[in-house]
Every structure is written in structure tokens, then in C-alpha cells.
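Descriptive structure summary
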Amino acid sequence: MKSVLLAVFVVVSALFVSMESVAQSKAYKGFVALSATKELYVDYVPAEAKQPTVILINGLTYSTRQWDNFTDNLVAKGVGVLRYDPIGQGQTLLKYAPILAPIPYQDQIVDLKALLEKMKIKGPYNLVGLSYGGGIAAGFAAAYPTLVKNLVLMAPFTRPLDGTDNWIKAQIWATRQIFPFNKMSDDDLYDYYLHQIVYATYPQAEPIVLENPFKLEATYRLVQGIRKARPIDFTHTIPNRALHLMIARQDQYINTSVLDEYWDAVPEEARASRLYINGSEHKMVEAVPYFTAAWVYEIVTGNKRLYKGDDFEGYPFRGEVRAGQENIKVGRE
């Protein structure tokens, strides 16, 4: 009997150790427990010898699979890639659905740190965040600046979309005029009208929110949880030569001037590179995955030309980036 119990103990111990060291040994797809009550879905490919690892942070309506082409290009070069579904997205959403409360962006930041520690991935980190994920990445850099090596922000959230924000504020004003005794706070009214606009516009603008019965509500809860974040207010925490800003010239959601305003608020010593991508819409990792992956590769492998705070113009279908008279050859679509 003792020998049987000992054998069971050895097997269980081996399983525990293998899960704890999975990030150091082999690729892994599945859930990783952050605590007794929270797990996140992870898709991880470790780096080859002497190659860096990048951490991908989802856009608002994303899951890990929208990064497939982008990831494949980096993995082919030996770069390690950790992508994951935070609370409210992808496989993690399906595990905990329905989500019926705000998803605070601060909680997403804490969860990311816990995940990196659980996976035993050593910092400082190369964070790559798209849109909503850019806001989370910026928040992570503000909370844990010593843990960030490169902060790659792709069309990042820096404040609520002007059109949406102005429409909601106009509705709040009208409500106060028509119903002066309404007891709802401005915050409550803001969320009420935000809920309306997400449900009215996202199914058409972002049909992927209809891929399962829970995603549209979860998308609203993600927006609700980040709408008060102001990454522009904590740019002073960004480490020296860490910020790489990527802007899509044909972005249908965020005006170039909004991201230029964010760049201007970043201390000069923290600026590394600003790339304008011609021929790309907001979701650049899907629109031009090979080009964007190639640029990120140049960043994380230490191309010194990308650490002087300079501006660049990218041409994905030529496979080149220009800075004045200088051309840098990168991945071609």
C-alpha cells in the first residue's frame, strides 16, 4: 500500500513540476492557473537559443488566433511568442461566460504580471499590444517600469474614441435637460449610453463580436473597464528608449493626430521609434502581418537604428521602411 501511495505522489509531483517549468522547456497550449479561482488560456512557443521572447496583448475583439500569421513569422525566425486570452476574451471568455460586470483594466495588468511569473518567463519583457492591448501594455509599463524592455504599441488605446465620447456626453446633457430629476449619476448614464452604442454599432463594424453568444456583452465590459484609463498621463514612467509606436495611415478608428499627441507627451528620452504604416487599417497585424512582424523582429533583436526616437514611413507591399533618404528592408506582404 505504501509503495502505491509513493508512486501516486511521484506522478502527481512530476505533473506539478512539468506545469511549473513548461515555459522553460516546450510549447504549450491550454489554461494556466493564476489562482484557485482564475485561469487564462495560453498559446506559448519558447524562443530558440539566444533569441528574445515577445508578449502579445489582444486587441478589443481579439483572441489568440487573430495573431496566427504574425506569430508564424516571428516563430520562423526563432523568436519566442506568448499569446494569451485575458478575462473577457477568447477561450478564457468561454470558460467564465457570461461576463456581466466591468472588467477593470487594472485587473488585466495584474493578471498579466501573474501570468508571466507563473510561466517563469524572465523580464524585462518585450510587450506588443494592439489597440485595447496597447492600453493594457502602457498600463503595465506604468505599474512595472523596471519589467519593460520594449513597449511596442500598435494603434494603442490612449483615450476613448472622440466620436463615441462626444455622442455619449451629448446624450447625458440631453437627459439632464429632459429628465432633471433622474437620479442616475453621470457615470451611470455614461455606461448606459456606452452599452447602447456598443450593441448598436459593433455587430456591423466588428462582426466577430457575434461569433458566440457572450462576446458582445464581454466587449462592452472590456470597454467599460478601460474607458477611464489615460495612458497619456503616465508617459513619464516609460523606460528610456523603450517606446515603439506603430500608426496605421488608414486607421478607421483612431485619428493619426490622437496618436501623435500621445507621442508628443512621451519624454524624448523614452522615445525609440515611431512608424507610420501606409496601406494598413487599424488591425495591422491582420492587414499586414508579415510586415508588422518583421518590424517587431527588428525591434526586439536590437536594431540600433530603431532606438534614436526617429520617425519612419513603412511601405508593406514594397517590404521597406524609409527614414529620409535611408531605406530599411523588412518583410514584404
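Residues numbered from 1 in each chain as written. Predicted model: local features only at pLDDT ≥ 70, side-chain atom pairs only at ≥ 80, totals over all residues. Heavy atoms only, no water.

Side note on unusual backbone geometry
Threshold: In this description a helix means any DSSP run of H or I spanning at least four residues, a strand means any run of E spanning at least two, and both kinds are numbered starting from the N terminus. Throughout, exposure labels follow a simple rule: accessible area from a 1.4 Å probe, protein chains only, divided by the maximum for the residue type, with under 20% read as buried, over 50% as exposed, and the rest as partly exposed.
Each neighbour pair has its own omega, and for Ala 97 with Pro 98 the value is -5°, a cis peptide bond. Cis geometry marks the peptide bond from Gly 123 to Pro 124, where omega comes out at -5°. Located in the positive-phi region is Lys 120, a residue other than glycine, with phi close to 55°. Along the chain, Lys 120 falls in the loop between α5 (105-118) and β5 (125-130). For Lys 120, a relative accessible area of 39% translates into the label partly exposed.

Structural notes on the sheet that holds strand β11 (residues 326-329)
Hydrogen bonds between backbone groups are what pair the strands of a sheet, and the pairing can be parallel or antiparallel. Filter applied, for reference: A pair of strands is labelled paired if DSSP reports no fewer than 2 bridges between them. Where helices are involved, their axes are fitted lines through C-alpha atoms of the stretch in contact, as for all axes, and angles between N-to-C directions lie from 0 to 180°.
Strand order across the open sheet formed by 11 strands is β1-β2-β4-β3-β5-β6-β7-β8-β9-β10-β11, with mixed pairing between neighbours. Where the open sheet ends on each side, the last strands, each with one partner, are β1 (28-33) and β11. Pairwise comparison of adjacent strand axes, ignoring direction, gives a mean angle of 25° for this sheet. Sheet topology places strand β3 (residues 53-57) next to strand β4 (residues 80-85); 4 bridges connect them, and they run parallel. In the sheet register, Leu 56 faces β4, and the bridge partner there is Arg 83.

Some points on the confidence of the model for the protein
For the record, the criterion: The predictor attaches a confidence to each residue, called pLDDT, with possible values from 0 through 100. Contacts between residues were defined by any pair of non-hydrogen atoms, one from each residue, lying within 4.5 Å.
For the protein, the mean per-residue pLDDT works out to 93, and 92% of the residues sit at or above 70. Every residue in residues 1-24 scores below 50 in pLDDT, and together they form 12 contacts with partners more than four places removed in sequence or on other chains.

What to know about the environment of Asp 72
Mapped onto the secondary structure, Asp 72 falls in helix α3 (residues 68-75). Relative accessible area serves as the criterion here: at 47%, Asp 72 is assigned to the partly exposed category. Here the alpha-carbon distance between Asp 72 and Ile 109, two residues 37 residues apart in the chain, equals 26 Å.

Re the pairing of strand β10 (residues 320-323)
Relative to β10, strand β9 (residues 310-315) is paired through 3 bridges, and the arrangement is antiparallel. Its bridge partner lying in β10, Glu 313 is registered against Arg 322. As consecutive antiparallel partners, β9 and β10 are separated by 4 residues, and within that stretch Gly 319 has a phi angle of approximately 70°, a positive value. Bridge count between β10 and β11: 4 bridges; the pairing is antiparallel. Opposite Arg 322, over in β11, you have Asn 327 as the bridge partner.

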